[in-house]
Amino acid sequence: MQLGSTLYYYYRRFRKQLKILAAVIGPGVIVMVADNDAGGITTYMLSGAYYRYSFIWIVLLLGPVAYVCQEMTVRLGVMTKRGHAQAIFEAFGPFWGWFSLTDLTLTDTLTITTEFIGMTMAMEVFGIPPLFTEIVVITFIMVLLVNGRYWTWEKIVLAICAVNMIYVPVVFFIHPNVSQIFREGVVPGFPEGLGGPVVFLIMATIGTTIAPWMIFFQQSSVVDKGLKKRDVPYARWDTAIGSAFTVITAVALIIIATVFFGGDTALGSAGQAAALLMPLHPYVGTILAIGLFDAGLIGALSVSLASSWAVGEVFGWSHSLNDRLGQARWFNLFRLSVMIIAGAIVLIPGAPLGVVTLFVQVIAVTLLPAALVFLIVLLNQEDLVGVYKNTRTQNIMAGTIVGVILALSTLYAVGSIFPHLFGG
C-alpha cells in the first residue's frame, strides 16, 4: 500500500511537470529549429558534399555550445523583462545600443535574404516562379499576426518546426555506412588540413548554428510569452530539446549529402542538390525541396521577428505578438519592409545566390562575439539578474566560445590575405 501510494505520488508529480513543460516549450525549440534555416541546410549539404562526414564532430560540439549561449538569454529575459536590444541600451548607453541594433538589422536582412533564396530555389524544383513564392510567403507571415495572440502564433510555428525533421527518415532509407560515419565523422580531424576553404566552411557552420539574431529572438520571445522565474528550469529543457533537434537534423543532412554528393565540389546549394536528385531519386529530391522550403519559412518567421522586436523595443513601439495589426502598426510595417527588401535582392538577375548564402553565415559568426560579450557582461550584474547571475563555470564556457570564434575569424582573415600560409 505504501509503495503504491509513493508511486502514484511520483506519477502525479511527473505528470504535472510534463504539463508545465508542454506549456513553456516554444521559444527554445523555435529558435533552435530555425537555426537550421535555409542557409544552414545549404551549409550542411555543402560540407557533406565537399568533405564527406568530416564535419559531423563539429556539429555535435556546436549543439551544447548553442545551448550555453541561448540558455543565458532565458535567464536574462525572465529576470529583466526586457528584450536584448533594450537591455543593451539601458546598461551600456546609446552608442553600444545603436551599434548592436544596426549590426542586428543588417545581418538579419541578409539572413532573411538567404531564407528567400532557399524557399524560391525549393519551389523552382516544382516549377513555381520565385516572385509567386515570395508573395505567398510574405502574405502568410503577416496573416499570422492578425489573430493578435502570442500563443496562437507559437503553436502554428511549432507545427512548422516539426516538418524540419523530415530529413531524418531519409537517412534510414538510403542506408549509409554506419561504421564509416563513426570513423570519419565522430573522430575529430580536419579534411585537407586547415586550409582557407576548410576554415571558411567551419565558420559558416558555426555561423548557422549560433547567430546574433538567436540571442535577440529568444530573449524577446521569453518576455513576450510572459515566462516567470519559476519557469526557468523548464525553459532550459525547452532550449535543450531544441538543441538536440538542431544537431540531429544537421547530422542527417551531412549524411544525405555525403551519400549522394560526397566528393562533388561543384555542388553550389541545397536547392541545386534537390533539383539534381529529382530525376534520379524523386522521393529524396522531393523531401529535400520540402525541407528546404520549410527551413526558409521558419527562418523568415523568426529572423524577421528578432529584428522587429529589437527595433520596437528601442523606439518604444507596441511590439507584442499579443497586439493586433492596427495596435502594432509600426512594428508590423518594419517587419514587412525588411522582408520585401530581402525578397527583392533575391530577384536580382544573375545574383550568385549560393555564394551569398555561405557568406552570410560567415558574416554572422564574425559579428557574433560582440553580441555574446554584451550577454556575458549583463549576466554578471547581480543587481540585474539576482540568483541567475553567471557562475564561474558559465563565464569560462561562454568566454571560451567567444575566444574560439575570434581565433577562427582571425585565422580566416589571415588565410584570405596570405593563402600560401595554409597551403593555398
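Each remark here, short or long, concerns the structure printed above.
Please read these numbers as outputs of a predicted model, since none were measured by experiment.

Colleague: Sorry, what's going on with the overall build of the protein chain here?
Modeller: What the protein chain contains, in helices and strands, is 19 helices and 0 strands. Across the 424 residues in the protein chain, those meeting the buried criterion constitute 54%. A separation of at least 24 residues holds for 86% of the contacts in the protein chain among residues at least 6 apart in sequence. Here the protein chain displays about 17700 Å² of accessible surface, and carbon together with sulfur accounts for 70% of that area.

Colleague: In this structure, what is going on with the environment of Lys389? I would like to understand it.
Modeller: Here Lys389 lies in the loop between helix 18 (382–385) and helix 19 (392–417). Linking Lys389 and Leu378, residues 11 residues apart in sequence, is a C-alpha distance of 8.7 Å. Sequence-distant contacts of Lys389, that is, excluding residues within four places in its chain, are made with Arg75, Leu379, Asn380, Glu382 and Gln394.

Colleague: I'm lost on unusual backbone geometry in this one. Help?
Modeller: Negative phi values dominate among residues other than glycine, just as trans dominates among peptide bonds. We note that Lys81 has phi near 55 degrees; this positive angle belongs to a residue other than glycine. Locating Lys81 in the fold gives a position in the loop between helix 4 (56–80) and helix 5 (84–92). Although it is not a glycine, His175 sits at a positive phi angle of roughly 50 degrees. Assignment of secondary structure puts His175 in the loop between helix 9 (168–174) and helix 10 (178–186). For His175, a relative accessible area of 66% gives the class exposed.

Colleague: I would appreciate a short explanation of helix 7 (residues 130–143) in the present structure.
Modeller: Side chains of residues three or four places apart in an α-helix project in the same direction, reflecting 3.6 residues per turn. Here helix 7 spans 20 Å end to end across 14 residues, near enough to the 20 Å set by a 1.5 Å rise per residue. Here helix 7 has its buried residues at Thr133, Glu134, Val137, Ile138, Ile141 and Met142. The arc enclosing the buried residues of helix 7, seen along the axis, measures out at 150 degrees, which places them on a common side. Taken together, the buried residues of helix 7 touch helix 6 (94–124), helix 15 (282–315) and helix 16 (329–346).

Colleague: When you look at the layout of surface pockets in this model, what are you seeing that I'm missing?
Modeller: To find the voids left in a structure, one rolls a probe of water-molecule size over its atoms. Of the voids in this model, the second largest pocket is the one considered here, and its volume is about 260 Å³. For the second largest pocket, the lining is made up of 14 residues, of which Val171, Ile181, Val251, Ala252 and Ile255 are closest to its centre. For the lining of the second largest pocket, the residue count by class is 14 nonpolar, no polar and no charged.

Colleague: Please explain the packing of aromatic side chains as it appears in this structure.
Modeller: In this description, a pair of aromatic rings is defined by centroid distance and the angle of the planes. Taken as a whole and judged by the stated rule, the model has 14 aromatic pairs. Consider the rings of Phe95 and Trp96, whose centres lie 5.0 Å apart with planes at 85 degrees: the pair is edge-to-face. A relative accessible area of 39% places Trp96 in the partly exposed class. For the ring pair Phe173 and Tyr283, a centre distance of 4.8 Å and an interplane angle of 55 degrees mean the geometry is tilted.

Colleague: It is not clear to me how the packing of helix 8 (residues 150–163) against helix 12 (residues 212–225) should be interpreted in this structure. Could you clarify?
Modeller: Working note: a packed helix pair is described by the angle between its axes plus the distance between those axes. Contact geometry for helix 8 and helix 12: axes closest at 10 Å, N-to-C directions at 130 degrees. Taken together, the axis directions place helix 8 and helix 12 in an arrangement best described as oblique. Considering the relative orientation of helix 8 and helix 12, their crossing is left-handed. Taking contact as the criterion, the partners of Tyr150, Trp151, Trp153 and Glu154 in helix 8 are, on helix 12, Phe217, Ser221, Asp224 and Lys225. Tallied by class, the residues present in the contact of helix 8 with helix 12 amount to 4 nonpolar, 1 polar and 3 charged.

Colleague: Please explain helix 3 (residues 38–51) as it appears in this structure.
Modeller: For helix 3, which comprises 14 residues, the first-to-last C-alpha distance of 20 Å matches the rise-based estimate of 20 Å (1.5 Å per residue) to within 8%. By the criterion of burial, helix 3 is predominantly enclosed, with 13 of the 14 residues buried. Looking one or two residues past helix 3, Arg52 carries a phi angle of roughly 55 degrees, positive in sign.

About the cut-offs
The residue numbering used here restarts from 1 in each chain and proceeds along that chain's sequence as written. Since the coordinates come from a predicted model, pLDDT governs what is reported: local features require at least 70, and pairs of side-chain atoms require 80 or more to be given and counted, while whole-chain, interface and lining totals use all residues. Side-chain metrics in this entry use all non-hydrogen atoms of the structure; hydrogen atoms and water are not considered. Helix and strand definitions here come from DSSP, where helices need a minimum of 4 consecutive H or I residues and strands a minimum of 2 consecutive E residues; each element is numbered from the N-terminal end. Exposure classes here rest on a 1.4 Å probe applied to the protein chains alone. A residue is buried below 20% of its type maximum, exposed above 50%, and partly exposed in between. The contact criterion used throughout is that any non-hydrogen atoms of two residues lie within 4.5 Å. Exposure was quantified through the Shrake-Rupley algorithm and a 1.4 Å probe, taking into account, for residues, occlusion by the shown protein chains and nothing else. Each residue after the first adds 1.5 Å to the expected span of a helix. Here, the arc refers to the directions that run from the helix axis to the C-beta atoms. In this analysis the probe radius is 1.4 Å and the grid spacing 1 Å, with only protein atoms considered; a cavity is a set of points the probe fits into but cannot get out of, a pocket is an open set with protein on both sides within 12 Å along at least five of seven lines, and lining residues have an atom within 4 Å of a point. Grid points are joined across faces, edges and corners, and a volume is the space filled by probe spheres set on the points. Only Asp, Glu, Lys and Arg are considered charged in this grouping, and only Ala, Val, Leu, Ile, Met, Phe, Trp, Tyr, Cys and Pro are considered nonpolar; every other residue, Gly among them, is considered polar. Pairing of aromatic side chains here covers Phe, Tyr and the six-membered ring of Trp, requires ring centres within 6.5 Å, and sorts the geometry by plane angle: under 30 degrees stacked, over 60 edge-to-face, intermediate tilted. A fitted line through C-alpha atoms represents every axis, and for helices the fit uses only the stretch in contact; the resulting angles, taken between N-to-C directions, go from 0 to 180 degrees. Should an angle lie under 35 degrees it is considered roughly parallel, over 145 roughly antiparallel, and from 65 to 115 roughly perpendicular; all remaining angles are considered oblique. Crossing handedness is read from the near helix: turned anticlockwise from the far helix by less than a right angle, it gives a left-handed crossing, and turned clockwise, a right-handed one.

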